[in-house]
Amino acid sequence: MRKQIFIVGISLLAISLFFNYYMETSYLFSVIMMVFIGIGFYNSVQKKHAILRNFPIIGYFRYIFESISPEIQQYFIERSTDGKPFSRNQRSLVYQRSKNIDSNTPFGTQLNINHTNYEGIKHSVFPTKVNEELPRVMVGGKDCKQPYSASLLNISAMSFGSLSENAILALNKGALRGHFYHNTGEGGLTDFHLQGADVTWQIGTGYFGCRDDRGNFDGGKFKEKASYPNVKMIEIKLSQGAKPGHGGVLPAAKNTEQIAKIRGVLPHTLILSPPAHSAFSDARGLIEFIARLRELSNGKPIGFKLCIGKTSEFEAICHEMIAADCYPDFITVDGAEGGTGAAPLEFSDGVGMPFEPALIFVNKTLVNLNIRDKIRIIGSGKIISGYSVLHAIALGADMCNSARGFMFSLGCIQALRCHNNQCPTGVATQNKMLMKGLVVTDKSERVYHYHRNTLHAANELLAAAGKTSFAEADISIFMRGDEFSHLSDLYFPNNLTNVSQH
């Protein structure tokens, strides 16, 4: 291909020079051809890119199409039910509810419901009246001096740094209007989180905002910020679903001087939070750390977040709670399908337990040990609709957190560029130019409407199931497609096939 390209290029150059000389035409085309031939020669001798070496000039088209492949896939190839992690239908639902416009769909379902993977709600022929009041849950155990009444749906952990300052401001102002909490993420408590909304301050392994010069936990700094009236709960992050056992990642491109100052690190460098905490290293240490944070925060609700891996380790933590008579006020359960701004593919695809079995396991473990009434469970794993909220409650959660749902409400288009600072909607970037596209006043309204409309949809589903309270919801109100297979075997036995052949 190299020979053909140079033959064609030199031939066109020769023809253009002929016209230039004998017909006195413009030399512009000849100059362009010489530039292309020069680039082609460089491509053919460079040793870094095999495609360009074998296909000079033409090889660039491969990189151009690769750079826009997510957009091509999303806009021209995928069907409304195909997109990953979230389909076009799911994204559209959030957009419509965020804009407070009609989110109804025409003509019936696009899903294959005659399939073993189908899951639905067993509606009642005697539905109850839809509750117009949005549900709330009280968080705080026996040692909690400042219990907190939380919304059933809240903003999950997303750090300033991973998200832009405009995104954090819009989320916080939306949460303020809707009276639900905003989890800071492990990047630390910033002024952008303190716009008036209730806040859950997440303490990760980097202890950003409460660390000393060596990166260890600083009780004095923690006590100062934990006393802020906006801080309603504190969450210790053990792991998150998208990269359990790996630690947080902030790419160097997103680590501005402003963020570095907040976190107490060097700017423009890759920030890797350690995989493990330095303040404790076992179940007993975790329980002691919970007790210490509760004391330093003057009795505010303390909990921890984790993605389940070794089930025996979670059981050991529970036994240590009982032995010490010290319980977290809440446990946030994340699933392996959880989101992240940046993670190695091996961790995203191959580490951790999915949300559904993890939530079932945590709930049953606490029930079997007779401590379920002491601890609230928060479900966090692809919560995006009223259905997913009700489903999580039925599996054992008391309340839910959503990250990507609220990102969609800000205008996220699932461009899959969270990690390279090129988010086109200004949500997950520190690029000032891109950030300007996210208007805080408009997007905060969308955050508010998404929360309110999603919980209203959950109330409608609950009423359709014949229930009056989320406390009544359990897995019995759901059905699965494998139940239909059993019914098919009863009504259409295999031996009918043989009968039809005679």
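Everything quoted here is computed from the prediction, not taken from an experiment.

**Side note on the UniProt feature "transmembrane region" (unreviewed entry) in the protein chain**
The positions UniProt marks with the feature "transmembrane region" (unreviewed entry) are residues 5-22 and 28-45. Between the end C-alpha atoms of residues 28-45 there is a gap of 26 Å, over a span that is 100% helix and 0% strand.

**Re the side chain of Thr365**
Its location among the elements puts Thr365 in helix α13 (residues 355-368). The contact partners of Thr365, leaving out residues within four places of it in the chain, are Phe314, Glu315 and Cys318.

**Digging into helix α8 (residues 219-226)**
Of the positions making up α8, those classed as buried are Gly219, Phe222, Lys225 and Ala226. Buried residues along α8 cover an arc of 135° about the axis, so they all sit on one side. Turning to α8, the residues buried within the fold contact β6 (199-203), β7 (231-237) and α10 (283-296). Of the residues flanking the start of α8, the one acting as N-cap is Asp218, its side-chain oxygen 3.0 Å from the backbone nitrogen of Gly220.

**Side note on empty space enclosed by the protein**
One water molecule sets the probe size; rolling that probe over the atoms shows where empty space is left. Counting across every chain of the model gives three cavities of 30 Å³ or more. Taken together, 15 residues form the lining of the largest cavity, with Lys237, Leu238, Ser239, Gly247 and Gly248 sitting closest to its centre. Tallied by class, the residues present in the lining of the largest cavity amount to four nonpolar, eight polar and three charged. The computed volume of the second largest cavity comes to approximately 60 Å³. Every residue along the wall of the second largest cavity is listed here: Met407, Cys412, Ile413, Gln414, Ala415, Leu416, Arg417, Cys418, Cys423, Pro424 and Thr425.

How each quantity is defined
- Residues numbered from 1 in each chain as written.
- Predicted model: local features only at pLDDT ≥ 70, side-chain atom pairs only at ≥ 80, totals over all residues.
- Heavy atoms only, no water.
- UniProt positions renumbered as here; feature names shortened; annotations may be inferred.
- Helix = DSSP H or I, 4+ residues; strand = E, 2+ residues; numbered from the N terminus.
- Contact = heavy atoms within 4.5 Å.
- Buried < 20%, exposed > 50% of the residue type's maximum accessible area, 1.4 Å probe, protein only.
- Arc of directions from axis to C-beta.
- Polar contact = N/O pair within 3.5 Å; in protein donor to acceptor, adjacent residues only side chain to side chain.
- 1 Å grid on protein atoms, 1.4 Å probe; cavity = no way out; pocket = protein on both sides within 12 Å on 5 of 7 lines; lining within 4 Å.
- Points joined across faces, edges and corners; volume = space filled by probe spheres on them.
- Nonpolar A, V, L, I, M, F, W, Y, C, P; charged D, E, K, R; others polar.

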